[in-house]
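Letter by letter, the chains look like this.
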Amino acid sequence: MRPLSELRGFTPALCSQLAKLGIHSPQALLLHLPLRYLDETQITPIRDLRLGEQAQIEGVVVHHEVSYKPRKMLNVRVQDASGIINLRFLHFYPSQIAAMQTGTRLRVFGEVRPGFFGYEMVHPQQRKVTEDTPVNTALTPVYPTTAGLSQNNIRKAVNLVLTPDHLQETLPGWVYASLQLPDFASSLRLLHQPDPDVALPALEDRSHPAWQRLAYDELLAQQLSMRQHYARRKQARAPATPPSQALAARLLGNLPFALTAAQQKVVAEISHDLQQPHPMQRLLLGDVGSGKTIVACLAALQMIEHGWQVAMMAPTEILAEQHYKKLSGWLQPLGIDIAWLTGGQNKKERRQSLSRIASGEAMLAVGTHALFQEEVVFHKLGLAVVDEQHRFGVEQRLALRKKGQLTSLEPHQLMMSATPIPRTLSMSYYADLDVSVIDELPPGRTPVATKLVADDRREEILERVRDACAQGHQAYWVCPLIEESETLQLQTANDTYAYMQAAFPELQVGLVHGRMKAAEKQAVMQAFAANDIQLLVATTVIEVGVDVPNASLMVIEHAERMGLSQLHQLRGRVGRGAAKSTCILLYSKQQCSQLGRARLKVIYESSDGFQIAQADLHIRGPGELLGTRQSGVPMLKIADLERDSALLLQAKQVADQLLRREPAAIKAHLQRWLSQGEEWMKV
Ligand code: ADP
Ligand code: MG
């Protein structure tokens, strides 16, 4: 495709300004769509103006004055047959003063506001006209822009590329016919130059069929791109491994519980994938406490039984440690050797772990991102499990996939997340993965009662902690999140710890925070798990995965500052045993923002992770929710997953059909939508 710089009318200056907006090609310029529209097709008599409205007027300058008090200001009064309005400019050039001299006929567009002399417009757009200057026949688009590039110049540039050779259909007619969407060329023409009779509200809220067509195109391109990646990855080779004959049965026989139906279903899905000669790319979603670890463990056994090593990675040392313990408890009785690898470990231990991994003596390696490092060499890696995958970047997971080994085969990958991903997100940004969902919790869990309490009732809450611990239960006290300062965060944690020690002389109080050494953290967590500590003061480091069933009370300070998924994860630390559990969300009446209030309402009303995630998507938008996945993944620019969810469903189906029968169309379509050299997924 020709770059813009080769087209007529695109000067180097214009091209470099467009480049600042990420626009290099005619296609990208065409898809740079207006933010909103101005209706300059009408001229409103000044008498008919209404406060707060945007309107266009035309009249003659009858008064013109630059004043200096209270500050420098240009006031221009314009009169038409029906009345007078004041225009006020706080920043202006000498050329503007000259262009608005008394007697000049001006056409002015702006918002009507109350002023000193009746109505006024502040910094309106204005231009000199004659009595026969025609009014615009199209609505005026307003584009996202950058300093130095005027709306007029963008509009002109867009007009230069709004030509048939750039507006060809990329996809066969049947794709759009059934949806009754307009064709590409007329959709783009309409969005860039809408007729005055097009309903402005439908343009602004993007429900107009022309917008829908483009949203659909974009979603389809995303689907095609992600599915292509998926297909490409499926061409790589991985160890096809039959189900476990012996080990899985022995493990299940030793367990004090039976798998839930949901666990059995996902175990079967994963087992099926591992039998294929292509790398599995599966995301296992399950709410906190749904029992993902045992599922991963069964997957590991299938590989281990046939001589393949497994790596299991967790985002924090606490969590990795906990996995290590749990898996050791399950697997050591089966004679499986497990290596442990984290950043916090001493040199000697580390060397030993590395050598056992390299020799293949250790069939399972559990650790933090230390497992990604170059010096870690596996003998025969067959499966990589990534827990809390949203905490890891795309590059890190890629590193594991390429982890050096002696065969030319790639390991299978199982990613797990307790941050449920709303369906629309998993269908779009995760379309390059297969998704399994554990949609039921193990039996016997009592739901956690959630209470919202203003923090002026702290004393009362301290009494509850005392009571709970007196009855043999344990409690978490989560310190407020202080994002701006790690030092302050640390200090708050230490202060809270000292306070609790003084308040509860009869209890053992412990403290964990992110700055502690790994060994210290482990020691505290072990003591808490063994009930040697009854009250654990913690920062949000305990947010993921920590499992102490006897803890039945959690107090979260300044809950209004925390995100929804964070609160949900924290709350998931209790309600893991038989006792009735409570989560108390302390909030500050003074500091609770609108947003904080909205979040607390959601978390109070729902304990369903998927519902919470859906609400989170609504409140924050997909960018935040995608977290690290977002880096390197372009966001949808036109489509909105909530508004356009019906289109997304269609796009998904059509993408599959196209992939089977229309390779040429796919190429053209992706070229248009990925014309900035972007891809939806780099893995
Ligand atoms: P998560 O999905 O949050 O990682 P875990 O794997 O940590 O959950 O499991 C939570 C707890 O539930 C663990 O103590 C685990 O041993 C237990 N568990 C898992 N599956 C079952 C089951 N089917 N029945 C009873 N308890 C189970
Ligand atoms: Mg877990």
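Residues numbered from 1 in each chain as written. Chains lettered and ligands numbered in written order. Predicted model: local features only at pLDDT ≥ 70, side-chain atom pairs only at ≥ 80, totals over all residues. Heavy atoms only, no water.

S.K.: Explain the overall build of the chain here, please?
M.R.: Across its full length, the chain carries 24 helices and 22 strands. Projected onto its principal axes, the C-alpha positions of the chain cover 95 × 65 × 45 Å. Classification of the 683 residues of the chain by burial places 54% in the buried group. Taking the intrachain contacts of the chain between residues at least 6 apart in sequence as the baseline, contacts between residues at least 24 apart amount to 76%. Looking at the chain as shown, the accessible area adds up to about 30200 Å², and 52% of this sits on carbon and sulfur atoms. (Helix = DSSP H or I, 4+ residues; strand = E, 2+ residues; numbered from the N terminus. Buried < 20%, exposed > 50% of the residue type's maximum accessible area, 1.4 Å probe, protein only. Contact = heavy atoms within 4.5 Å. Areas by Shrake-Rupley, 256 points an atom, 1.4 Å probe, with all protein chains shown as cover.)

S.K.: Is there a simple way to think about the packing of helix α6 (residues 184-192) against helix α8 (residues 209-235) in this case?
M.R.: Describing two packed helices takes the angle between their axes plus the distance from one axis to the other. With their axes 9 Å apart at the nearest point, α6 and α8 run at an angle of 120° to one another. In this view, α6 runs oblique relative to α8, as classed from their interaxial angle. Crossing angle aside, the handedness with which α6 passes α8 is left-handed. Mapping the contact onto sequence places F184, S187, L188, L190 and L191 in α6 and A210, W211, R213, L214 and D217 in α8. Per-class residue counts for the contact of α6 with α8 are seven nonpolar, one polar and two charged. (Axes fitted to C-alpha atoms, helices over the stretch in contact; angles between N-to-C directions. Parallel < 35°, antiparallel > 145°, perpendicular 65-115°, else oblique. Left-handed = near helix turned anticlockwise from the far one by under 90°. Nonpolar A, V, L, I, M, F, W, Y, C, P; charged D, E, K, R; others polar.)

S.K.: Could you clarify how one ought to interpret the site of ligand 1 in this entry?
M.R.: Near ligand 1 you find 17 residues, and of these A258, G289, K292, T293 and R445 are the closest. Between ligand 1 and S290, the relevant distance is 3.5 Å, taken from an oxygen atom to a main-chain nitrogen or oxygen of the residue. In the model, an oxygen atom of ligand 1 is placed 3.1 Å from a nitrogen or oxygen of the G291 main chain. The fraction of the free accessible surface of ligand 1 (570 Å²) that becomes covered by protein chains is 87%. Here the shell around ligand 1 is composed, by residue class, of five nonpolar, six polar and six charged. (Near = heavy atom within 4 Å. Polar contact = N/O pair within 3.5 Å; in protein donor to acceptor, adjacent residues only side chain to side chain.)

S.K.: Got a minute to help me understand the pairing of strand β19 (residues 509-512) in this structure?
M.R.: Along a regular strand, successive side chains alternate from one face of the sheet to the other. Side-chain alternation along β19 places V509 and L511 on one buried face and G510 and V512 on a second face that is also buried. As paired elements, β19 and strand β20 (residues 535-538) share four bridges and run parallel to each other. The residue bridging V509 from the neighbouring strand is L535, located in β20. After leaving β19, the chain enters helix α18 (residues 518-529) and then returns to the sheet as β20, a path that is right-handed. (Pairing = 2+ DSSP bridges. Right-handed = clockwise from strand over helix to strand, strands pointing away.)

S.K.: Explain the sheet that holds strand β10 (residues 281-286) to me, please; I cannot follow it from the model alone.
M.R.: Remark on secondary structure: sheet strands pair via backbone hydrogen bonds, oriented parallel or antiparallel. If you trace the seven strands from one edge of the open sheet to the other, you get β12-β13-β11-β14-β15-β10-β16, paired in parallel fashion. Looking at strand neighbours, the two that pair on one side only are β12 (338-341) and β16 (434-438), the edges of this open sheet. Taking each pair of neighbouring strands and ignoring which way they run, the sheet shows an average axis angle of 20°. Bridging between strand β11 (residues 309-313) and strand β13 (residues 364-367) involves four bridges; their strand directions are parallel.

S.K.: Looking at this structure, I do not really get the pattern of salt bridges. What am I missing?
M.R.: Two side chains bearing opposite charge may form a pair once their charged atoms approach each other closely. Throughout the structure, instances matching the rule amount to 20 salt bridges. Residues E58 and R105 are paired through a salt bridge, measuring 2.8 Å at the closest nitrogen-oxygen approach. A residue pair is termed long-range when its members are at least 10 positions apart, and E58 in strand β2 (residues 54-67) and R105 in strand β5 (residues 105-111) qualify at 47 residues. The class of E58 is buried, set by a relative accessible area of 11%. Put simply, R350 and E375 hold a salt bridge, and the shortest N to O gap is 2.5 Å. With a gap of 25 residues between them, R350 in helix α13 (residues 347-359) and E375 in the loop between β13 and β14 (381-386) connect regions that are remote in the sequence. (Salt bridge = Lys/Arg side-chain N within 4 Å of Asp/Glu carboxyl O.)

S.K.: Can you walk me through the side chain of S67 in this structure?
M.R.: Looking at the element boundaries, S67 is found in strand β2. Taking the relative accessible area as the measure of exposure, S67 reaches 16% and is therefore buried. With near-sequence residues (within four places) excluded, S67 lies in contact with K72, M73 and N75.

S.K.: Can you walk me through helix α1 (residues 12-20) in this structure?
M.R.: Side chains that are three or four residues apart share a direction in an α-helix, a result of its 3.6 residues per turn. Among all positions of α1, only L14, C15, Q17 and L18 are buried. In a view along the axis of α1, the buried residues occupy a sector of 165°, so they form one face of it. Of the residues in α1, the exposed ones pointing more than 90 degrees away from the buried face are P12 and K20. Residues of α1 that are buried in the fold lie against α2 (26-30) and α4 (151-161). G22, located one to two residues past α1, shows a positive phi value of around 80°. (Arc of directions from axis to C-beta.)

S.K.: So what exactly am I meant to see when it comes to the sheet that holds β20 here?
M.R.: Here we have six strands laid out as an open sheet, ordered β17-β22-β21-β18-β20-β19, and parallel in their pairing. Every interior strand has two partners, whereas the edge strands, β17 (449-454) and β19, have only one. The mean angle between the axes of side-by-side strands here comes to 20°, regardless of whether they run parallel or antiparallel. Bridge analysis of strand β18 (residues 474-478) against strand β21 (residues 551-556) gives five bridges, and the strand direction is parallel. The partner of A475 across the bridge, within β21, is L553.

S.K.: Could you clarify how one ought to interpret the packing of aromatic side chains in this entry?
M.R.: The relation between two aromatic rings is expressed through the spacing of the ring centres and the mutual angle of the planes. This structure, assessed with the given rule, holds three aromatic pairs. One Lys or Arg, R206, reaches over the ring of W211 and ends 3.9 Å from the middle of that ring. Between R672 and the ring centre of F184, over which it is positioned, the NZ or CZ distance is 3.7 Å. (Phe/Tyr/Trp six-rings, centres within 6.5 Å; stacked < 30°, edge-to-face > 60°. Lys NZ or Arg CZ within 6 Å of the ring centre and 35° of its normal.)

S.K.: How should the domain arrangement of the chain be read in this particular structure?
M.R.: When the parts come together, some accessible area is lost, and that loss is often what is quoted as the size of the interface. Entries for the chain in the domain assignment read domain 1 (4-37 + 142-205), domain 2 (42-135), domain 3 (246-438) and domain 4 (448-606). Domain 2 and domain 3 are separated by 68 Å when their C-alpha centres are compared. (Domains from an automatic or database assignment.)

S.K.: Hey, could you run me through helix α23 (residues 645-661) in this one?
M.R.: For α23, with 17 residues, the first-to-last C-alpha span of 25 Å sits near the 24 Å given by 1.5 Å per residue. Structurally, α23 contributes buried residues whose contacts are with α5 (173-177), α8, α15 (423-428) and α24 (663-673). (Expected span 1.5 Å × (residues − 1).)

S.K.: Explanation requested: unusual backbone geometry in the structure shown.
M.R.: For residues besides glycine, phi is generally negative; the peptide bonds are generally trans as well. The phi torsion at N531 lies on the positive side, around 65°, for a residue other than glycine. Along the chain, the position of N531 falls in the loop between α18 and β20. According to the relative accessible area criterion, N531 is partly exposed, its value standing at 30%.

S.K.: What is the right way to look at the nonpolar core in this model?
M.R.: In summary, soluble globular proteins display a tendency toward joint burial of nonpolar side chains. By size, the foremost hydrophobic cluster in this structure holds 81 residues, and its most contacted members are L4, F10, L29, L214, Y216 and L220. Shared between two domains, this core takes at least three residues from each, and those domains are domain 1 (4-37 + 142-205) and domain 3 (246-438). Contact partners of L220, with chain neighbours within four places excluded, come to L171, V175, Y176, A651, V654, A655, L658 and H669. Judged by nonpolar contacts, the second largest core, of 42 residues, contains A248, L259, M312 and M416. (Core = buried A, V, L, I, M, F, W, Y, C linked by side-chain atoms within 4.5 Å.)

S.K.: Before we go on, may I ask you to explain the confidence of the model for the chain in this structure?
M.R.: Close reading of the predicted structure is inappropriate where its pLDDT is low. For the chain, per-residue confidence averages 88 on the pLDDT scale, and residues scoring 70 or more make up 94% of the total. In the predicted structure, residues 677-683 sits below a pLDDT of 50 and forms 28 contacts with residues beyond four places in sequence or in another chain. (pLDDT = per-residue confidence, 0-100.)

S.K.: It is not clear to me how the packing of α8 against α23 should be interpreted in this structure. Could you clarify?
M.R.: Put simply, α8 and α23 touch, their axes get as near as 8 Å, and they point 50° apart. If you check the angle between α8 and α23, you find them oblique. Considering how the two elements wind past one another, α8 and α23 form a crossing that is right-handed. Contacts between α8 and α23 involve Q212, A215, Y216, L219, L220, Q223, L224, R227 and Q228 from the first element and L647, L648, Q650, A651, K652, V654, A655, D656, L658 and L659 from the second.

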